[in-house]
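Remarks on the overall topology
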Amino acid sequence: MKRIVLGSIVLFTLLLIYYNLNPAKTSIFPKCPFLLLTGLKCPGCGSQRAIHCLLHFDVRQALEYNMLLVFSLPVIIVLGYIELERKRFPDLYIKMHNYKFIWGIFTVIISWWIGRNIFNI
């Protein structure tokens, strides 16, 4: 229970920071080392700005910053819930942690990484 409370406090604090500070205009947020070294976007590039936009209900701009993040949020939320409730739903936990599901997510991420650099997404 302490982990859930502590995790909730950390999450709420991060959401407040991202709501109040725009990563596009504030230098305290880290820059992507992959982008700085190669000039290419990694799968996560634009995620901080996308989170800021989503917190301000600007979905269109969030999609422009990082479409994968926006479409992945429901999956991330479900995975987090399953992790917290794995004793209540052991079958679902096992299904979500099998190699086909994991390789599927890996394939989507790598495809996004390649596609966003080839097609300038």
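For clarity, every value in this text was computed on a predicted model and none was experimentally measured.

Here we come to the nonpolar core. Judged by nonpolar contacts, Ala50, Cys53, Ala62, Leu69 and Val70 together constitute the single largest core of 5 residues. Contributions of two or more residues to this core are made by helix H3 (47-55) and helix H5 (67-84).

So, on to the environment of Leu16. On the secondary structure map, Leu16 appears in helix H1 (residues 2-20). By relative accessible area, Leu16 is classed as partly exposed at 41%. With 55 residues separating them along the chain, Leu16 and Phe71 place their C-alpha atoms 22 Å apart.

Between its first and last C-alpha, helix H7 (residues 99-118) extends 28 Å over 20 residues, near the 28 Å set by a 1.5 Å rise per residue. Those residues of H7 hidden inside the fold are in contact with helix H4 (59-65) and H5. Sitting at the amino-terminal end of H7 is Asn98, which places a side-chain oxygen 2.8 Å from the backbone nitrogen of Lys100. Two residues or fewer past H7, Asn120 is found with a positive phi of approximately 55°.

Turning to the packing of aromatic side chains, a few remarks are in order. Centre distance and the angle of the planes are the two values used to describe a pair of aromatic rings. Across all of its chains, the model carries 4 aromatic pairs by this definition. Summarising the aromatic geometry, the rings of Tyr18 and Phe29 are spaced 5.0 Å apart at their centres and angled 35° between planes, so their arrangement reads as tilted. Of this pair, Tyr18 sits in helix H1 while Phe29 is found in the loop between H1 and helix H2 (33-38), placing the two residues 11 residues apart along the sequence. The exposure class of Tyr18 is buried, given its relative accessible area of 16%. Judged by relative accessible area, Phe29 falls into the buried class, the value being 8%. Between Tyr81 and Phe89, the aromatic rings sit 6.3 Å apart at their centres with planes inclined by 45°, giving tilted as the arrangement. Note on Tyr81: relative accessible area 42%, which makes it partly exposed.

A word on unusual backbone geometry. The phi dihedral of Phe57 is positive, around 60°, even though this residue is not glycine. Judged by relative accessible area, Phe57 falls into the exposed class, the value being 74%.

This part covers the state of the cysteines. Among covalent bonds in proteins, the disulfide is the one between the sulfur atoms of two cysteines. This structure, assessed with the given rule, holds 0 disulfides. The thiol of Cys32 is not disulfide-bonded; the next cysteine sulfur, from Cys45, is found 3.5 Å away. Owing to a relative accessible area of 7%, Cys45 belongs among the buried residues under this scheme.

Turning our eyes to something else, we now look at the side chain of Asn66. If you trace the backbone, Asn66 turns up in the loop between H4 and H5. Residue classification places Asn66 among the buried positions, given a relative accessible area of 1%. Within the local environment of Asn66, its side chain forms a polar contact with the backbone nitrogen of Leu68, the two atoms lying 3.1 Å apart. In terms of polar contacts, Asn66 uses its side chain to reach the backbone amide nitrogen of Leu69, at 3.0 Å. Contact partners of Asn66, with chain neighbours within four places excluded, come to Pro43, Gly44, Cys45, Gly46, Ser47, Ala50, Trp112 and Arg116.

Rules and cut-offs
Residues numbered from 1 in each chain as written. Predicted model: local features only at pLDDT ≥ 70, side-chain atom pairs only at ≥ 80, totals over all residues. Heavy atoms only, no water. Core = buried A, V, L, I, M, F, W, Y, C linked by side-chain atoms within 4.5 Å. Buried < 20%, exposed > 50% of the residue type's maximum accessible area, 1.4 Å probe, protein only. Helix = DSSP H or I, 4+ residues; strand = E, 2+ residues; numbered from the N terminus. Expected span 1.5 Å × (residues − 1). Contact = heavy atoms within 4.5 Å. Polar contact = N/O pair within 3.5 Å; in protein donor to acceptor, adjacent residues only side chain to side chain. Phe/Tyr/Trp six-rings, centres within 6.5 Å; stacked < 30°, edge-to-face > 60°. Disulfide = S-S within 2.5 Å.

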